[in-house]
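These are the residues of each chain, in order.
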Amino acid sequence: MNIIAAVDKNWAIGNKGELLVKIPADMKFFRETTTGKVVVMGRKTLESFPGGQPLKNRTNIVLSHNQNYQKSGAIVLHSMEELWDELKKYPSEDIFVVGGAGIYEQLLEHCDVAYVTKIDYAFDADVYFPNLDEKPEWHVSASSEEQTYFDLEYYFYKYEKKIADQ
């Protein structure tokens, strides 16, 4: 299973229900990486998308504690048990956890690959992604050259979970 996020230099991912910044190349990377795949998210993340609509050309799985919550075009689940039953239907490498913070925290340990766009700037933020640089089980397996969007510098990183010695 994969996880994908854009973070600032403090691993922040959002503020007041919004992304910190919308970088076209990062949005394109997200779109290209997840199209045709399964995306797993919380209700607030779904509602933050344009028009609050599920992402096109993807299987959208939404976790919500609200038993009455339904969304056309999305598979709405209400527990981790339901989520695991649903995810068994898909190849693990085709599953992408896309947020928000609570979903990232619950599912990170089940992921093997993390695609992280790191923005070299500290934004005002109220939600964070787990800092993979502080987690010994994760290592950077690939990184891009410096990218820029106006005055922001950012990098694309691929983290992989280290396989425990046999």
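Everything below is about the structure shown above.
Draft legend 1. Here's a closer look at the pairing of strand β4 (residues 38-42). For β4, a buried count of five out of five residues is recorded, marking the element as mostly surrounded by other parts of the structure. Note: β4 against strand β5 (residues 59-63), five bridges, orientation parallel. When the sheet's bridge partners are listed, valine 39 is paired in β5 with asparagine 60. On the question of chirality, the crossover connecting β4 to the parallel β5 by way of helix α2 (residues 43-48) is right-handed. With four bridges connecting them, β4 and strand β7 (residues 95-99) associate as parallel partners.

Draft legend 2. A look at helix α3 (residues 80-87). When α3 is considered as a whole, its buried residues turn out to be Leu83, Glu86 and Leu87. What you see down the axis of α3 is that its buried residues fit within an arc of 95°, all on one side. Buried residues along α3 sit against β4, β5, β6 (74-77), β7 and α4 (101-107).

Draft legend 3. Summary view of unusual backbone geometry. In the segment running from glycine 99 into glycine 100, the intervening peptide bond is cis, with an omega of 0°. Counting through the fold element by element, glycine 100 comes out in the loop between β7 and α4. In this structure, tryptophan 11 is a non-glycine residue whose phi angle is positive, near 65°. Mapped onto the elements, tryptophan 11 comes out in the loop between β1 (2-7) and β2 (12-15).

Draft legend 4. Quick peek at the environment of glutamate 153. Within the secondary structure layout, glutamate 153 lies in strand β12 (residues 152-161). Placed 35 residues apart in sequence, glutamate 153 and lysine 118 show a C-alpha to C-alpha distance of 8.6 Å. Leave out the neighbours within four places in its chain, and glutamate 153 touches Lys118, Ile119, Asp120, Glu146, Gln147 and Thr148.

Draft legend 5. Inspection of helix α1 (residues 24-34) at higher detail. Of the residues making up α1, those classed as buried are Asp26, Thr33 and Thr34. Viewed end-on, α1 has its buried residues packed into an arc of 85°, placing them on one side of the element. Contacts made by the buried residues of α1 are with β1, β4, β7, β8 (113-119) and β12. Directly after α1, the chain includes glycine 36, whose backbone phi takes a positive value near 80°.

Draft legend 6. Fine view of the packing of aromatic side chains. Taken as a whole and assessed by the stated rule, the structure comprises eleven aromatic pairs. Seen from their ring centres, tyrosine 149 and phenylalanine 150 are 4.8 Å apart, and the 70° between their planes marks the pair as edge-to-face. You can call tyrosine 149 partly exposed: its relative accessible area is 25%. Aromatic rings pair up to connect Trp11, Tyr104, Phe129, Tyr155, Tyr157 and Tyr159 into one cluster. Just above the ring of tyrosine 157 sits the side chain of lysine 118; from NZ or CZ to the centre is 4.7 Å.

Draft legend 7. Structural context of a negative patch on the surface. Taken together, Glu145, Glu146, Asp151 and Glu153 make up a surface patch of like negative charges. In this structure, glutamate 145 sits in the loop between β10 (138-143) and β11 (147-149).

Draft legend 8. Broad picture of the sheet that holds strand β3 (residues 18-19). The strand order β3-β2-β9 describes an open sheet built from three strands, whose pairing is antiparallel. The outermost strands of the open sheet, each flanked by one partner alone, are β3 and β9 (127-128). Here β2 runs beside β9; their pairing, made up of two bridges, is antiparallel. Looking across to β9, one finds that alanine 12 is bridged to tyrosine 128.

Conventions and cut-offs
Residues numbered from 1 in each chain as written. Predicted model: local features only at pLDDT ≥ 70, side-chain atom pairs only at ≥ 80, totals over all residues. Heavy atoms only, no water. Buried < 20%, exposed > 50% of the residue type's maximum accessible area, 1.4 Å probe, protein only. Helix = DSSP H or I, 4+ residues; strand = E, 2+ residues; numbered from the N terminus. Pairing = 2+ DSSP bridges. Right-handed = clockwise from strand over helix to strand, strands pointing away. Arc of directions from axis to C-beta. Contact = heavy atoms within 4.5 Å. Phe/Tyr/Trp six-rings, centres within 6.5 Å; stacked < 30°, edge-to-face > 60°. Lys NZ or Arg CZ within 6 Å of the ring centre and 35° of its normal. Patch = residues over 30% accessible without salt bridge, like charges linked within 9 Å, V, L, I, M, F, W, Y side chains within 5 Å. Areas by Shrake-Rupley, 256 points an atom, 1.4 Å probe, with all protein chains shown as cover. Salt bridge = Lys/Arg side-chain N within 4 Å of Asp/Glu carboxyl O. Lys, Arg positive; Asp, Glu negative; His and termini not counted. Charge placed at Lys NZ, Arg CZ, Asp CG, Glu CD.

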